[in-house]
Structure formats: structure tokens, C-alpha cells
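Residue-level listing of the chains:
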Amino acid sequence: MTGRPLRSLRDGRVVAVLLVVALAVVVLLNQFAPTRSAYSATVTNSTNSAATAPYFTCGAAALADASGALFAYDLDEAAGSRTAADSSGKNAAGTYQGSMATTANPGACTRDGGTAYTLNGSTSFVSTPRSYANPTTFSEEVWFRTTVAGGLLIGFGSNQVTTSGQHDRQIYVNTAGQLVFGAYNGATQVITSPKAVTDGAWHHVVSTMSPTNGMRLYLDGTLVASNSAFKAPENYTGYFRIGYDTISGWPGAPGNYSFTGQMRYAAVYSTELTATQVANHSAAGR
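Residues numbered from 1 in each chain as written. Predicted model: local features only at pLDDT ≥ 70, side-chain atom pairs only at ≥ 80, totals over all residues. Heavy atoms only, no water.

What about the side chain of His-203?
Inclusion rule: Strands here mean DSSP runs of E at least two residues long; helices mean DSSP runs of H or I at least four residues long; both are numbered from the N terminus. Under the rule applied, a polar contact is a pair of N or O atoms within 3.5 Å (in protein, one hydrogen donor and one hydrogen acceptor; residues adjacent in sequence only if both atoms are side-chain atoms). Residues count as neighbours in contact if any of their non-hydrogen atoms are within 4.5 Å of one another.
The topology assignment puts His-203 in strand β13 (residues 203-210). Of the polar contacts made by the side chain of His-203, one reaches the side chain of Asp-199; its length is 2.9 Å. With residues near it in sequence (within four places) discarded, His-203 still touches Val-142, Trp-143, Phe-144, Val-197, Leu-219, Asp-220 and Arg-286.

Right, dumping it as C-alpha cells:
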């Protein structure tokens, strides 16, 4: 009679010890086992840009410099939209003129999502809501892609919608497919990218001008042309235009002044963006 309770007690202790050991093993396995989740992700970073870029998206990069912006258009509205929202906080929304179509955004600022504004090379462009009196220090910026040699990307003209009588501070694609940044003051002054940009790939362009450094042209984050001697554009009041205005009389000007292709993130600043700022904006889209 007395042996059975002692054996039961002993067996119970053995079971308890085994349970504690098993629990300890489970805890240790969880500590050293690889983390598992319900999803997976692949990160591609062939240029190692993530190590140096301070901004993860183009929107964040532009927002960091928005205090100096006159306007900033993401150009990601739905097809048929008439208003280009101003993300700079300056309440300077633009107007889509003519055909407003969109396409998926496969390469420019892909982490931002959204679509890209598609310009048809005929009636598509964006007009800004107000005029500016003789901006002498400024930066113009836009992401674009095209296969067509010709067309205005962004510029300054004396008319808001119709063809301008006075026009300069322009970035356009010439008949050789190169980027040209031009200003006028008694004569046309241009600086030109060495390479063509009509390869159908997304490119980031920034032009700057100031009384201190003159004219500078950046392509994909790198300074590709400059003219430090030409520091003052033509004195007049005008509007910034995106995608169309006349470039008649300018070197390498095509017969068709309308841009054909896609655009994202067009902005104009009342400051001269530094080389570091330009590189940061470009890296954010890669």
C-alpha cells in the first residue's frame, strides 16, 4: 500500500522535470531560429545609392527644400485632371492644358508610386497660376523621359497660356537630342549636355542661375555644363511653363516646341540649388 503513492510522486516529478527541459529547448530554439514572417521582399541596389542618399523618395527630397520653392508639382494626378496640385505648400497649383493622359511610372521615383504625366507633343502642357517679376536667382527641375529629339521641358515666358513674345530661362531638347539650358539678355546664351537624352530612360534635370555663379546645368545629379560669365537673364515679368512654349530662334530648336513623353516632379525654386541638393534629389529617385 505504501509503495504506490511514492512511485506516483516520483513519476510526477520526472514528468515535471521533462516538461521544464522541453520548454527550455523550445525557448532556445526560438532565440536562435531565423525570423519568419508572412511576406518576403527583394531589395535591388545595384549602385549602392541607399548608403549615401539621405532621402528615400523624390517627394521627401523635394519637401526638404520646399521652403525655397515657388511651386512643386508631383504630376501624378488621374488622367483627365485639370489641376496640378502644389506640394510645396505655396498654394500655386498649376493647370493642365490640352490632353491630360497618364501612364504607369516604371522608372522615375518608383518608391513614390503613382503614375506619370504623359504629354502628347501637341496640346499637353502645364501653366502656372501667377506671374513673377524678373527672377534672377532660380532653379528649375523636372524628371522626364522621351524618345523624341525636340520640345520644351520647362521655361519662362511672358504669356501664361498662349505663345510668349518674350521667353528665356528655358530647358529644352534640341534636334540632336541633347538638353539645352538657355537665357537671353541682348543675345541668346546656352549651355548644352554632352550626351543625348532621347534613349527612353528616365532622367533628372536641374538648371540653376544666379548673379554669383551664372548658369549651370545638371543631368542625373551631375554638373554637365556651365557658364559662370552669363549671370543676368532678360528683365521682364512672366510665367513658368511646363511642356510647351516657343523656343523659336534658339540654337538647335526643333520645329515642334511641344514636349513628347512623360514627366514627374516639376518644380521651380527662388534659390540656387547646390550641387549636393541636386545630387540628393536625383539619388532619391534611383
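What follows picks up the thread again.
What to know about the confidence of the model for the protein
Low pLDDT marks regions whose predicted coordinates should not be analysed in detail. Short version of the rule: A score from 0 to 100, pLDDT tells how confident the predictor is in each residue.
Overall, the prediction assigns the protein a mean pLDDT of 87, with 81% of residues at 70 or greater. Counting interchain partners and residues more than four positions distant, the pLDDT-below-50 stretch residues 14-21 has zero contacts.

Side note on the pattern of salt bridges
Applied cut-off: We define a salt bridge as a contact between a side-chain nitrogen of Lys or Arg and a carboxyl oxygen of Asp or Glu at a distance within 4 Å. Relative accessibility under 20% of the residue-type maximum defines a buried residue, over 50% an exposed one, and the middle range a partly exposed one, all with a 1.4 Å probe and only protein chains included.
The full count for this structure, using the stated rule, is four salt bridges. With a closest N to O distance of 4.0 Å, Arg-264 and Asp-76 form a salt bridge. Of this pair, Arg-264 sits in strand β17 (residues 260-269) while Asp-76 sits in the loop between β1 (69-73) and β2 (83-84), and the two are 188 residues apart along the sequence. Accessibility expressed as a relative area gives 0% for Arg-264, which makes it buried. With relative accessibility at 31%, the residue Asp-76 sits in the partly exposed group. Residues Asp-168 and Arg-169 are paired through a salt bridge, measuring 2.6 Å at the closest nitrogen-oxygen approach.

Remarks on helix α3 (residues 275-283)
Within α3, burial applies to Val-278, Asn-280, His-281, Ser-282 and Ala-283. Residues of α3 that are buried in the fold lie against α2 (58-64), β8 (138-145), β13, β14 (214-219) and β17.

With respect to the state of the cysteines
Rule in force here: Only a pair of cysteine sulfur atoms within 2.5 Å counts as a disulfide in this structure description.
Taken as a whole and judged by the stated rule, the model has one disulfide. Paired by a disulfide, Cys-58 and Cys-109 hold their sulfur atoms 2.0 Å apart. Looking along the S-S bond of the Cys-58-Cys-109 disulfide, the torsion reads about -80 degrees, which is the left-handed sense. Of the two residues, Cys-58 sits in helix α2 while Cys-109 sits in the loop between β4 (101-104) and β5 (115-120), which places them 51 residues apart along the sequence. A relative accessible area of 4% means that Cys-58 is categorised as buried. On the basis of relative accessibility, which here comes to 0%, the residue Cys-109 falls in the buried class.

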